[in-house]
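# Descriptive analysis of the structure
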Amino acid sequence: MGERFRVGRNEIDLVVRRAGIVAFVEVKARHGVSHGAGREAIGWRKRQAIARVAEVWRLRFGLPGECYRFDVIEVRDRRGRRAEVNYLPDAWRLDRAAGIW
């Protein structure tokens, strides 16, 4: 089961822990394709903000030996039809050389 985690104005939509893996999940909803895919809305700044919140979560709740990743769930509203959901595990990686994590 997942939970939302917030630090100040920034948040992670879902934090999911299973079998030694913690996924920090960003959920992006779209009402069509005119604004692109949800993953395209997660730019460099948003990724850094999510990484900072994830680091706070890791320091508070992380366990030795866990692996961490960043996932995306894209939800596209299809106007009266069933929504389309696309799950992207390990959607991006942190730039360790830049001093993040």
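Treat the numbers as computed from the prediction; the structure is a model and nothing was measured. (Residues numbered from 1 in each chain as written. Predicted model: local features only at pLDDT ≥ 70, side-chain atom pairs only at ≥ 80, totals over all residues. Heavy atoms only, no water.)

### Some details on the overall build of the chain
- Assigned secondary structure in the chain consists of one helix and five strands.
- Ordering the α and β elements of the chain from the N terminus gives β-β-β-α-β-β.
- For the chain, with 101 residues in total, the buried portion stands at 30%.
- Here the contacts in the chain between residues at least 6 apart in sequence split such that 50% fall between residues at least 24 apart.
- Carbon and sulfur atoms form 50% of the exposed surface of the chain, whose accessible area is close to 7100 Å². (Helix = DSSP H or I, 4+ residues; strand = E, 2+ residues; numbered from the N terminus. Buried < 20%, exposed > 50% of the residue type's maximum accessible area, 1.4 Å probe, protein only. Contact = heavy atoms within 4.5 Å. Areas by Shrake-Rupley, 256 points an atom, 1.4 Å probe, with all protein chains shown as cover.)

### As for the pairing of strand 3 (residues 21-30)
- The buried fraction of strand 3 amounts to seven of the ten residues, a majority that puts the element mostly inside the structure.
- Inspection of the sheet shows strand 2 (residues 10-18) paired to strand 3 by five bridges, in the antiparallel sense. Residue pairing across strands places Val-15 opposite Phe-24, the latter belonging to strand 3.
- Hairpin connection from strand 2 to strand 3: two residues lie between these consecutive antiparallel strands, with Ala-19 at a positive phi of about 50°.
- Pairing of strand 3 with strand 4 (residues 67-78) involves ten bridges; the strand directions are parallel. For Ala-29, the partnering residue across the bridge sits in strand 4 and is Val-75. (Pairing = 2+ DSSP bridges.)

### A look at unusual backbone geometry
- Positioned with a positive phi, Ala-19 is a non-glycine residue whose angle comes to about 50°.
- When its relative accessible area of 78% is taken as the criterion, Ala-19 is described as exposed.
- Residues other than glycine seldom take positive phi values, yet Asp-90 does so here, at roughly 55°.

### With respect to the nonpolar core
- Within the largest apolar cluster, 16 residues are counted, with the highest numbers of intra-cluster contacts made by Ile-12, Val-15, Phe-24, Ile-50, Trp-57, Phe-70 and Trp-92.
- At the level of elements, strand 2, strand 3, helix 1 (44-61), strand 4 and strand 5 (81-92) are the ones that each hand at least two residues to this core.
- A per-element tally of this core places helix 1 first, with five residues.
- When neighbours within four sequence positions are excluded, Ile-12 is seen to be in contact with Glu-3, Arg-4, Phe-5, Phe-24, Val-25, Ile-50, Val-53 and Ala-54. (Core = buried A, V, L, I, M, F, W, Y, C linked by side-chain atoms within 4.5 Å.)

### Points about the pattern of salt bridges
- Per the stated rule, a full pass over the model turns up nine salt bridges.
- Glu-11 serves as the salt-bridge partner of Arg-6, at 2.9 Å between the closest nitrogen and oxygen.
- The partner of Glu-55 in a salt bridge is Arg-58, with the nearest N and O atoms 2.8 Å apart. Here Glu-55 and its partner Arg-58 are both found in helix 1, three residues apart, which amounts to about one turn of the helix.
- Because the salt bridges share partners, they merge into one network encompassing Arg-4, Arg-6 and Glu-11. (Salt bridge = Lys/Arg side-chain N within 4 Å of Asp/Glu carboxyl O.)

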